[in-house]
Amino acid sequence: MRPTILCLASYHKGHRFLTRCRSEGWHTVLLTIESLLQENWPRDQIDELFALPSFADRGALIRAVSYLHRTRDIRRIVALDDFDVEVAADLREHFRMSGMGASQARFFRDKLAMRMRARDKNIPVPQFTPVFHYPSLNEYMARVPGPWLLKPRSEASAMGIKVIHHPDELWQALTTLGDRQSYFLLEKFLPGDVFHVDSVIWDGEVRFAATHRYGLPPMTVYHGGGVFASSTVLRDSPLDQALLTINRQVIEAMGMERGVTHAEFIRSEADSQLYFLEIAARVGGAGTDHLVEHATGLNPWREWARIVVADIQGEDYTPPSTRQDYAGLIVSLARQEWPDTSAYNDPEVVWRLHKKHHVGFVVASPNYERVQTLVGAYARRIAQDFSATAPPLEHPPEE
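Residues numbered from 1 in each chain as written. Predicted model: local features only at pLDDT ≥ 70, side-chain atom pairs only at ≥ 80, totals over all residues. Heavy atoms only, no water.

Chemist: Outline the packing of helix α2 (residues 58-71) against helix α3 (residues 85-95), supporting the account with residue identities and numerical values.
Modeler: Following both chains from N to C, one finds α2 and α3 inclined at 55°, their axes separated by 11 Å at the closest point. As the angle between them shows, α2 and α3 are arranged oblique. Of the two possible hands of crossing, α2 and α3 adopt the one that is right-handed. Where α2 abuts α3, its residues Arg58, Leu61, Ile62, Val65, Ser66 and His69 lie against Glu86, Val87, Asp90, Leu91, His94 and Phe95. By residue class, the composition of the contact of α2 with α3 is six nonpolar, three polar and three charged. (Axes fitted to C-alpha atoms, helices over the stretch in contact; angles between N-to-C directions. Helix = DSSP H or I, 4+ residues; strand = E, 2+ residues; numbered from the N terminus. Parallel < 35°, antiparallel > 145°, perpendicular 65-115°, else oblique. Left-handed = near helix turned anticlockwise from the far one by under 90°. Contact = heavy atoms within 4.5 Å. Nonpolar A, V, L, I, M, F, W, Y, C, P; charged D, E, K, R; others polar.)

Chemist: I'd like a description of the packing of aromatic side chains, backed by residues and values.
Modeler: Taken as a whole and assessed by the stated rule, the structure comprises 12 aromatic pairs. Measuring from centroid to centroid gives 5.8 Å for Trp202 and Tyr317, while their planes differ by 45°, and the two rings are tilted. In this pair, Trp202 is assigned in strand β9 (residues 192-202) and Tyr317 in the loop between α11 (300-313) and β14 (326-333), connecting sequence segments 115 residues apart. Of the two residues, Trp202 and Tyr317, both sit in the buried class. Plain terms: the ring middles of Phe265 and Phe276 are 6.0 Å apart, the flat faces sit at 55° to each other, and that makes the pair tilted. (Phe/Tyr/Trp six-rings, centres within 6.5 Å; stacked < 30°, edge-to-face > 60°. Buried < 20%, exposed > 50% of the residue type's maximum accessible area, 1.4 Å probe, protein only.)

Chemist: Residue-level account of the pairing of strand β1 (residues 4-9), with values.
Modeler: Counting buried positions along β1 gives six out of six residues, so the element sits mostly inside the fold. Alternating positions in β1 separate into two faces, Thr4, Leu6 and Leu8 on one and Ile5, Cys7 and Ala9 on the other, with burial throughout. Bridging between β1 and strand β2 (residues 27-33) involves six bridges; their strand directions are parallel. Bridge assignment links Leu6 to a residue of β2, and that residue is Val29. (Pairing = 2+ DSSP bridges.)

Chemist: Describe the pairing of strand β8 (residues 184-188), and please don't skip the residues or the numbers.
Modeler: The side chains of a regular strand alternate, residue by residue, between the two faces of the sheet. Within β8, five of the five residues are buried, which leaves it mostly tucked inside the rest of the structure. Here β8 shows no split at all, with Phe184, Leu186 and Lys188 on one side and Leu185 and Glu187 on the other all buried. The pairing of strand β5 (residues 128-130) with β8 spans three bridges and is classified as antiparallel. Residue Pro130 lies in a different strand from β8, and its bridge partner there is Leu185. In terms of strand pairing, strand β6 (residues 148-152) meets β8 through five bridges, oriented antiparallel. When the sheet's bridge partners are listed, Trp148 is paired in β8 with Lys188.

Chemist: Which residues make up the pattern of salt bridges, and what are the values?
Modeler: Enumeration according to the criterion identifies 28 salt bridges in this entry. For Arg258, the salt bridge is made with Asp203, and the minimal N-O distance between the two is 2.5 Å. Of this pair, Arg258 sits in the loop between α9 (238-254) and β12 (259-268) while Asp203 sits in the loop between β9 and β10 (205-214), and the two are 55 residues apart along the sequence. Classification of Asp203 as partly exposed rests on a relative accessible area of 42%. The salt bridge partner of Glu205 is Arg207, with a shortest N-O separation of 3.5 Å. On the basis of relative accessibility, which here comes to 44%, the residue Glu205 falls in the partly exposed class. Residue Arg207 is classed as partly exposed on the basis of its relative accessible area of 26%. Three or more residues joined by partner-sharing salt bridges are found here, namely Arg76, Asp203, Arg258 and Asp311. (Salt bridge = Lys/Arg side-chain N within 4 Å of Asp/Glu carboxyl O.)

Chemist: Please provide a residue-by-residue account of the environment of Glu86, values included.
Modeler: Mapped onto the elements of the fold, Glu86 is located in helix α3. Distance from Glu86 to Asn299, taken between C-alpha atoms, is 24 Å for residues 213 residues apart in sequence.

Chemist: Could you give an account of empty space enclosed by the protein, naming the residues involved and the relevant values?
Modeler: Taken as a whole and assessed by the stated rule, the structure comprises two cavities of 30 Å³ or more. Size it by volume and the largest cavity reaches roughly 50 Å³. Lining the largest cavity are Asp82, Phe108, Arg109, Lys111, Met114, Glu155, Glu278, Ile279 and Ala280. When residues of the lining of the largest cavity are traced back to their parent elements, those giving at least two are α5 (111-120) and β13 (274-280). Per element, the largest residue contribution to the lining of the largest cavity is three residues, and it comes from β13. Here the second largest cavity defines a volume of roughly 40 Å³. What lines the second largest cavity is simply Asp198, Ser199, Val200, Phe208, Val260, Thr261, Arg282, Val283, Gly284 and Pro300. (1 Å grid on protein atoms, 1.4 Å probe; cavity = no way out; pocket = protein on both sides within 12 Å on 5 of 7 lines; lining within 4 Å. Points joined across faces, edges and corners; volume = space filled by probe spheres on them.)

This is the structure we're talking about:
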């Protein structure tokens with residue numbers, strides 16, 4: 001049997017990664033959870049598909065992968081979703097396999113670990129404190145004016161974040177958390193514009209990076225509803241160069257050698273400085289891969305697969321030639337089960353989201369101003385024509 005790449009997915013994503021691995025000639029195995037078996041996986045591009053009730057029982061997961069390993073030459077284990085990064089790292093440790101181990105994985109999953117690492121490397125971060133020692137929390141709140149954010153250390157995006165305006169609110173929230181308090185951190189809330197930089201890394205060097213600005217901060221959309229939007233930053237502008245610089249500093253600090261990253265930064269209204277917020281060792285979600293592809297011609301999922309294959313085969317990796325266009329992504333929940341988006345027919349529309357109770361587009365053009373105009377207009381129209389809201393999740397959906 002051909003050498004095997006084992007892909008873990010507790011969410012339905014990664015089609016292009018799976019397809020690329022198969023096209024490179026590798027035996028591609030997908031291990032997911034039982035509730036996702038009926039999803040539209042690219043089954044013709046997967047050699048074998050297996051499922052467990054969940055990935056929560058690490059002992060059961062190790063036993064399952066051990067069983068597969070008996071007759072399959074598993075060379076790499078890849079986490080397709082943020083929630084699987086630590087799971088994959090634990091498996092690599094157990095099987096003494098190449099790739100990110102458990103300690104380093106914390107820099108890409110644990111918001112406290114990544115902030116402490118960034119601070120140690122003199123990368124600006126919002127003022128923060130662990131939720132361990134009560135006198136230290138009191139000292140922090142006396143020294144750092146509110147409001148603050150009480151953040152889960154290992155959730156994705158804005159999930160589970162609470163805004164704290166007064167110390168009494170914090171103590172009430174910690175009482176509710178009980179013995180889970182240490183899984184959170186407290187951070188200064190910085191109003192400002194939020195950006196994401198999506199990168200491809202080989203041998204510790206950023207071989208590709210694309211900068212984009214969120215229309216609204218993800219936390220605002222997540223907690224208050226509204227239309228999610230992102231668009232390419234003006235190329236070669238001082239802001240673009242500053243984002244690329246701090247992104248390289250963060251990737252070097254976290255020790256990423258080979259793979260893809262999705263990093264987020266905020267430009268504070270108070271001092272116009274860029275601050276590091278978080279970084280993930282994965283492709284950005286919510287259609288970010290389509291946004292990047294239509295702005296540059298490079299799809300992060302495909303390049304991630306090429307990196308894994310090149311690493312296994314001991315070859316060098318060179319990203320493809322890219323273009324310097326602009327793109328905008330607009331996504332929202334929809335009141336309608338299958339929204340009719342035929343009226344959104346500008347020639348710059350290059351991708352449409354097809355998903356129940358969702359509406360979304362990518363628009364692309366060589367012209368920066370045209371993309372900005374379309375993103376603003378589409379966001380307003382979508383809010384009127386389709387938008388719906390749902391209560392924010394405090395934790396991931398049950399598997």
